Amino acid sequence: MTKLEQIRAAESKLLLQTYERNPILFVRGEGVHLVDEGGAKFLDLLSGIGVNALGYAHPAIERAIVNQSRALIHTSNLFYHEGQAELALRLAERTGMDRVFFSNTGTEAWEGALKLARAHAGLLRSEGKHIGTKFLALEQSFHGRTYGSMSTTYKAKYREPFAPGVPGVEFVKFNDVADLRAKFSNDVCAILVEAIQGEGGIRPLTQEFFAEARKLADSTGAFLIVDEIQAGMGRTGKWCGYQHYGIQPDVTTLAKPIAGGIPLGAVLCTEEAARAIHAGMHGTTFGGGPLACAVAIAVIDAIESEGLLKHATEVGDYFQAQLRGLAKKHECIRDVRGKGLMLAAELDSADLAKLTVAEMLKRQILINCTSETVLRFLPPYIIERKHVDDAIKALDEIFTEKAAAVSAVHQIAGGNSLG
Ligand SMILES: Cc1ncc(COP(=O)(O)O)c(C=O)c1O
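As the structure is a computational prediction, the values presented were derived from the model and not from experiment.

1. Notes on the sheet that holds strand β16 (residues 368–370)
Then, number 1: Judged by pairing direction, the sheet is antiparallel, and its four strands sit side by side in the order β13-β14-β17-β16 without closing on themselves. The open sheet has two edge strands with one neighbour each: β13 (333–339) and β16. Across the sheet, the mean angle from the axis of one strand to that of its neighbour is 30°, orientation sign disregarded.
Then, number 2: As defined by bridge partners, β16 adjoins strand β17 (residues 374–377) across three bridges and the pair is classed as antiparallel. Each bridged residue has a counterpart across the sheet, and for Thr370 the counterpart in β17 is Val374.

What follows is the structure, encoded as structure tokens:
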């Protein structure tokens, strides 16, 4: 038995079977590549689902981990350490927000944001305002797997097995201003959006819809909460997706790439929102620990010193242009969309999307498929044009072979019908 086979056999007996893993055992990474147990190198266009912004074995991350782990890994939030305020300042300056709460994961950050909205609405009610507790979330949204996050996530397959969810959530048709207006009222405490939906298929909000959400929220004192867990921290070429629209939310959430692979999330909010939270109302044992904060500071500094926002924009634009070129050649590509290094090619069939991911894997290139038909690209920010060229060449080959196979089948079918 190979080591991989041994691990697969053990996991199949010992772990909850929540994941359909690809049969690869990665043992290390360098730059934009992952290396398996046999030494084979894979070009990573997924970065651990949008996490490894600086790729693998980046010296800034290694240095921060080594230095901080020698000094202090954990203290709890009962005491001060050097990292939280320093990181909060960097995040506040870059996102336009005032205050930060640190969590460990994306879903916990989102839970914090939901709690903040309900607590703030309660505060407004105590001040005599008429505002309810309802959340308006969007169709195709994804916000995580814990109860509040799951309840504000659209797809039934994520919610129904665990019903009943958190009450008071209604879904609005994506980018449908009329539906948003019809469902908004004084009962709503927050409108929940991703500036660019990730799991839902890399779908950007329209300017009109986003602006209307801001306007409606302002009309009652409800919050506009933007989930930047996938789009944020520079992936789209700006620190946050909402900055492409010139719209500032009341609350936003960050996670995934924030600490380069060490778990960390953050809820960021305005001074007004922060009025609703007092000591003891919310908390976490691990969130914002010294190690995660030190690494996040190193990640932000590296993104800036290496000019990676500009780089993500430039290589992302190049990648998107190449995908558009492919779409002209191959009818199976229905749409190409995204911003910076958060990109998608939507295909005309779920089977083809699945096959493409598998064929890319055979060619040692990692991508994935979301929303059944959407090929998703979330590469590390350090990706170069030559890596994009390799990926495009592989996709071109796969679609050409597929088209040839389909046309052969049609010829046989056509021949049969003639006979
Ligand atoms: C937009 C968005 N929100 C929330 C989450 C949940 O984050 P986590 O998996 O860290 O809990 C994700 C994860 O994919 C996400 O893409």
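2. Examining helix α13 (residues 350–362)
Then, number 1: A rise of 1.5 Å per residue sets the reference length of α13, with its 13 residues, at 18 Å; its end C-alpha atoms lie 19 Å apart and thus fit the reference within 8%.
Then, number 2: Considered for burial, the residues of α13 that qualify are Leu352, Ala353, Thr356, Val357, Glu359, Met360 and Leu361.
Then, number 3: The N-cap residue of α13 is Ser349: its side-chain oxygen and the backbone nitrogen of Asp351 are 3.4 Å apart.
Then, number 4: Directly beyond the C-terminal end of α13, a positive phi value near 65° is found at Gln364.

3. A few points about unusual backbone geometry
Then, number 1: The step from Ala163 to Pro164 runs through a cis peptide bond, and the omega angle for that step is 0°.
Then, number 2: Topologically, Pro164 is positioned in the loop between α7 (156–159) and β6 (169–172).
Then, number 3: You will see that Gln140, though not glycine, has its phi angle at about 70°, which is positive.
Then, number 4: Locating Gln140 in the fold gives a position in the loop between β5 (134–138) and α6 (147–151).
Then, number 5: A relative accessible area of 27% places Gln140 in the partly exposed class.

4. Here's the deal with the site of the ligand
Then, number 1: Taken together, Thr105, Gly106, Thr107, Phe142, His143, Gly144, Glu194, Asp227, Ile229, Gln230 and Lys256 form the complete shell of residues around the ligand.
Then, number 2: Between an oxygen atom of the ligand and a side-chain N or O atom of Gln230, the distance comes to 2.8 Å.
Then, number 3: With respect to the ligand, the side chain of Lys256 contributes an N or O atom lying 3.0 Å from an oxygen atom.
Then, number 4: Considered on its own, the ligand offers 390 Å² of accessible surface; in the complex 82% of this is hidden by protein.
Then, number 5: The class makeup of the residues in the shell around the ligand is two nonpolar, six polar and three charged.

5. What about the pattern of salt bridges?
Then, number 1: Within the structure shown, the criterion is met by 25 salt bridges.
Then, number 2: Taking the shortest distance from any N to any O, the salt bridge between Glu30 and Arg28 comes out at 2.6 Å.
Then, number 3: Classification of Glu30 by relative accessible area gives partly exposed; the value is 33%.
Then, number 4: We note a salt bridge from Asp179 to Lys183, for which the minimum N-O separation is 2.9 Å. Of this pair, Asp179 and Lys183 both sit in helix α8 (residues 177–183), four residues apart, which is roughly one turn of the helix.
Then, number 5: Lys183 sits in the buried class, given a relative accessible area of 19%.
Then, number 6: Where salt bridges share partners, they join Glu359, Lys362, Arg363, Glu397 and Glu401 into one cluster.

Basis of the calculations
- Residue numbers restart at each chain and count upward from 1, following the sequence in its written direction.
- It should be noted that, the model being predicted, local features are given only for residues of pLDDT at least 70 and side-chain atom pairs only at 80 or more, the latter also being counted only at that level, while totals for whole chains, interfaces and linings use all residues.
- Side-chain measures here rest on the full set of heavy atoms in the structure, leaving out hydrogens and waters.
- DSSP calls a pair of strands paired once it identifies at least 2 bridges connecting them.
- Labels follow the DSSP assignment, with helices taken as runs of H or I lasting at least four residues and strands as runs of E lasting at least two, numbered in each case from the N terminus.
- Note on geometry: axes are C-alpha line fits, over the in-contact stretch for helices, and angles between N-to-C directions span 0 to 180 degrees.
- Expected helix span is taken as 1.5 Å per residue step, with the number of steps being one fewer than the number of residues.
- Accessible area is worked out with a 1.4 Å probe on protein chains only. A residue is then buried under 20% of its type maximum, exposed over 50%, and partly exposed in between.
- Throughout this description, a polar contact denotes any pair of N or O atoms lying within 3.5 Å of each other; where both atoms belong to protein, one of them has to be capable of donating a hydrogen while the other can accept it, and for residues adjacent in sequence the pair is counted only when both atoms sit in side chains.
- Consider each residue's heavy atoms; a residue with any of them within 4 Å of a molecule or strand counts as near.
- Computed with a 1.4 Å probe, the accessible areas rest on the Shrake-Rupley method; for each residue, only the protein chains presented here act as cover.
- Residues are grouped as follows: Ala, Val, Leu, Ile, Met, Phe, Trp, Tyr, Cys and Pro are nonpolar; Asp, Glu, Lys and Arg are charged; all remaining types, including Gly, are polar.
- We define a salt bridge as a contact between a side-chain nitrogen of Lys or Arg and a carboxyl oxygen of Asp or Glu at a distance within 4 Å.

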